[in-house]
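Here is how the chains run, residue by residue.
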Amino acid sequence: MSEGKKGISLLVKISIGFILGILFGFVIGPVVPNSSVLSNYVMPFVDLVGKIFLRLLMMIIVPLVFSSLVAGAASVGDIHKLGRIGIKTLALYLVTTAVAIMIGLACGNLFNPGIGMNIPGNLQASAREAKPLVDVILDIFPTNPIASMVNANMLQIIVFALFFGVACIMAGERGKKISDFFENAAEVMYKVTHMVMSFAPYGVFALIAGTAAKFGVSILAPFAKVIAAVYIGCIIHAVLVYSGMISMFCKRSPFWYFKGVQEAAITAFVTRSSSGTLPVTLSNVRDNLGVSEGVSSFVLPLGATINMDGTALYQGVCALFVAQAFNVPLTLQMQIGIVVTATLASIGTAGVPGAGLIMLTLVLTSVGLPIEGIALVAGIDVILDAARTCINVMGDTAVCAVVASSEGEDLTN
Ligand code: ASP
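Report follows, based on the coordinates. Keep in mind that what you see is a predicted model, and the values were worked out from it rather than measured. The residue count restarts for each chain, going from 1 along the sequence in the order it is written. Per-residue local features of the predicted model are confined to residues with pLDDT of at least 70, and side-chain atom pairs are confined, for both listing and counting, to 80 or more; whole-chain, interface and lining totals are unaffected and use all residues. Think of the side-chain values as coming from all heavy atoms in the structure, minus any hydrogens and water.

## Section: the overall build of the protein
Then, in step 1: Helix numbering and strand numbering both begin at the N terminus, where a helix is a DSSP run of H or I of at least 4 residues and a strand a DSSP run of E of at least 2. Across its full length, the protein holds 19 helices and 0 strands.
Then, in step 2: Note on exposure labels: buried denotes an accessible area under 20% of the residue type's maximum, exposed denotes more than 50%, and partly exposed covers the range between, all computed with a 1.4 Å probe on protein chains only. Looking at the protein as a whole, 54% of its 413 residues qualify as buried.
Then, in step 3: It only takes one pair of heavy atoms within 4.5 Å for two residues to be counted as in contact. A separation threshold of at least 6 residues defines the contact pool for the protein, and within that pool the share at least 24 residues apart is 83%.
Then, in step 4: Every accessible area reported is derived by Shrake-Rupley at a probe size of 1.4 Å, with residue values counting cover from the shown protein chains alone. As displayed, the protein offers around 17,500 Å² of accessible surface, 70% of which is attributable to carbon and sulfur atoms.

## Here's the deal with the site of the ligand
Then, in step 1: In these notes, residues near a molecule or strand are those with any non-hydrogen atom within 4 Å of it. Taken together, 17 residues surround the ligand, and among them Ser 274, Thr 311, Gly 356, Asp 385 and Arg 388 come closest.
Then, in step 2: As used in this structure description, the phrase polar contact means that two N or O atoms lie within 3.5 Å; if the pair is within protein, one of them must be able to donate a hydrogen and the other to accept it, and residues adjacent in sequence are counted only when both atoms belong to side chains. Taking Thr 389, its side chain carries an N or O atom lying 3.0 Å from a nitrogen atom of the ligand.
Then, in step 3: One of the side-chain N or O atoms of Asn 392 is found 2.8 Å from an oxygen atom in the ligand.
Then, in step 4: Here the ligand has 270 Å² of accessible area as a free molecule, and 100% of this is covered by the chains.
Then, in step 5: Per-element accounting of the shell around the ligand gives the leading share, 4 residues, to helix H19 (residues 381-406).
Then, in step 6: Side-chain classes follow a simple rule in which Ala, Val, Leu, Ile, Met, Phe, Trp, Tyr, Cys and Pro form the nonpolar group, Asp, Glu, Lys and Arg form the charged group, and the remainder, Gly included, forms the polar group. Residues of the shell around the ligand, tallied by class, amount to 5 nonpolar, 9 polar and 3 charged.

## Focus on the packing of helix H14 (residues 293-306) against H19
Then, in step 1: Axes here refer to lines fitted to C-alpha atoms; in helices the fit is confined to the stretch in contact. Angles between the N-to-C directions go from 0 to 180 degrees. Contact geometry of H14 with H19 gives a least axis separation of 9 Å together with a crossing angle of 150°. As judged from the angle between their axes, H14 and H19 are roughly antiparallel. Considering the relative orientation of H14 and H19, their crossing is right-handed. On H19, the residues touching Val 295, Ser 296, Val 299, Leu 300, Gly 303 and Ala 304 of H14 are Asp 396, Thr 397, Val 399, Cys 400, Val 403 and Ala 404.
Then, in step 2: Here the contact of H14 with H19 is built from residues that sort into 8 nonpolar, 3 polar and 1 charged. Oblique is the label for any angle not under 35 degrees, not over 145, and not in the 65 to 115 range, which are roughly parallel, roughly antiparallel and roughly perpendicular in turn. Each crossing is labelled by how the near helix is turned from the far one, with a counterclockwise turn of less than a right angle marking it left-handed and a clockwise turn marking it right-handed.

## Notes on helix H12 (residues 262-271)
Then, in step 1: Here H12 has its buried residues at Ala 264, Ala 265 and Ala 268. Along the axis of H12, the buried positions cluster into a sector of 100°, meaning they face one direction only. In H12, the exposed positions angled more than 90 degrees off the buried face are occupied by Ile 266 and Val 270.
Then, in step 2: Those residues of H12 that are buried are in contact with helix H13 (274-287) and H19. Arc definition: it is the arc formed by the directions from the helix axis to the C-beta atoms.

## Thoughts on the pattern of salt bridges
Then, in step 1: We define a salt bridge as a side-chain nitrogen of Lys or Arg found within 4 Å of a carboxyl oxygen belonging to Asp or Glu. Enumeration over the complete set of coordinates arrives at 6 salt bridges.
Then, in step 2: The salt bridge involving Lys 51 is made with Asp 47; its shortest N-O contact spans 3.1 Å. Taken together, the residues Lys 51 and Asp 47, both in helix H2 (residues 36-75) and 4 residues apart, mark about one turn of the helix.
Then, in step 3: Asp 47 gets classed as partly exposed once you look at its relative accessible area, which sits at 41%.
Then, in step 4: A salt bridge links Arg 272 to Asp 385; the shortest N-O distance between them is 3.8 Å. Of this pair, Arg 272 sits in the loop between H12 and H13 while Asp 385 sits in helix H19, placing them 113 residues apart in sequence.
Then, in step 5: Under the relative-accessibility criterion, Asp 385 is labelled buried at 3%.
Then, in step 6: Salt bridges linked by common partners bring Arg 272, Asp 381, Asp 385 and Arg 388 together as one network.

## Remarks on the packing of aromatic side chains
Then, in step 1: The rule is short: rings of Phe, Tyr and Trp, with Trp giving its six-membered ring, pair when the centres are within 6.5 Å, and they are stacked under 30 degrees, edge-to-face over 60, tilted in between. One pass over the structure, following the stated rule, counts 12 aromatic pairs.
Then, in step 2: Judged by centre distance (5.2 Å) and plane angle (75°), the ring pair of Phe 18 and Phe 223 falls under edge-to-face. Here Phe 223 lies in helix H10 (residues 220-250) and Phe 18 lies in helix H1 (residues 4-28), a separation of 205 residues in the sequence.
Then, in step 3: Look at Phe 18 and you get buried, because its relative accessible area is 6%.
Then, in step 4: Judged by relative accessible area, which is 4%, Phe 223 ranks as buried.
Then, in step 5: Relative to Phe 164, the ring of Phe 66 has its centre 6.0 Å away and its plane inclined at 55°; by these criteria the two rings are tilted.

## Observations regarding the nonpolar core
Then, in step 1: Grouping buried Ala, Val, Leu, Ile, Met, Phe, Trp, Tyr and Cys residues that are joined through side-chain atoms within 4.5 Å yields what is termed a nonpolar core. If you look at the biggest cluster of nonpolar residues, it comprises 121 residues, and the most contacted ones within it are Phe 223, Tyr 242, Tyr 257, Val 299, Leu 369 and Leu 376.
Then, in step 2: Each residue touching Tyr 242, except ones within four places of it in the same chain, is listed here: His 237, Tyr 257, Asp 309, Ile 391, Met 394, Gly 395 and Ala 398.
Then, in step 3: Within the second largest apolar cluster, 5 residues are counted, among which are Ile 28, Val 32, Leu 38 and Ala 213.

## Digging into H10
Then, in step 1: Helices are assigned an expected span. That span is 1.5 Å times one less than the residue count. An ideal rise of 1.5 Å per residue puts 45 Å on 31 residues; H10 measures up with 44 Å between its terminal C-alpha atoms.
Then, in step 2: Immediately beyond the C-terminal end of H10, within one or two residues, lies Lys 251, with a positive phi of roughly 55°.

And the structure:
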């Protein structure tokens, strides 16, 4: 999930690990029952490598999410100064993100990518299914934040981190010291994440090899369906939500908007980084849409950090895919849980390649889905990342244009 040459080669390595793992599994699968060497030594070792990778991923989640959310919430510090613009921006970011996940869930429900895969997993979900909605809501609020961290209760950690981050702003100079500390801690955790991700090609190889060996060629079609669901969902979101917002609030044609931001959209697609695309996004919005510097320099950097519609949509599709693949019945409550967690997770997702995949672990854990599901999507993540980053960036530009028009700016460029 790093930028630059290193990141690209890592993603290529993960894809190679994924393809080799599938091939290895297909070839070795039918032979395993007849070979004691394979079943007693090779497969258990492959299994071990996969399990170590999963543990390392889980190891990162709590400190990474806490530190990056505190830093993220504290960085919205200017919101008090920017008042009206800030609230409008945040509200639009949250609403568009929640809509994106719902479109993701709808596309997932349409394509049903994981149905029939029947992968046996750790069914953490069953215990949670029966909870009444009021308890689910109550459960979001921690009684003891340290216990929430020990138990990796993600929603509770998120709630506490948001309170903590906002309090850092309110505490002025002293709070700044604390939020700087967490900003540094988040940076260190990104480095830990990079270290763990450098092991990903092997982990992905091992996990997918085990699955392919057990289930054979029947697992190929589901991947094509996940890709189709994410891409179609992204197109629907851009066409319905962004075009709708532009024509309704800016009174401009969607073509004017799409043409104006096409460079940023293409850059996001190829770099898979909203942060990396920011300079192009800023210049497109200012030069082609005519948004002022005042609005764009607040709305866009904030969006590149917290507004990830594409990532949220992808998390909706993937959560559903994992639930179906592992045969976990997704109740309405769990789907609501996905909307809430994926909205929050997308806020905490860094605008760099592959960050959404790490945050998917958060969504899966929070709703009680097996974390092994990460291995299923990791190999096709590059393809999914391109589309979701493009939508992440377009989402920032659409909100920026709407906020600018609501402030009376004349978008006539
Ligand atoms: N690559 C995405 C972005 O930069 C984040 C993600 O991986 O979802 O916007």
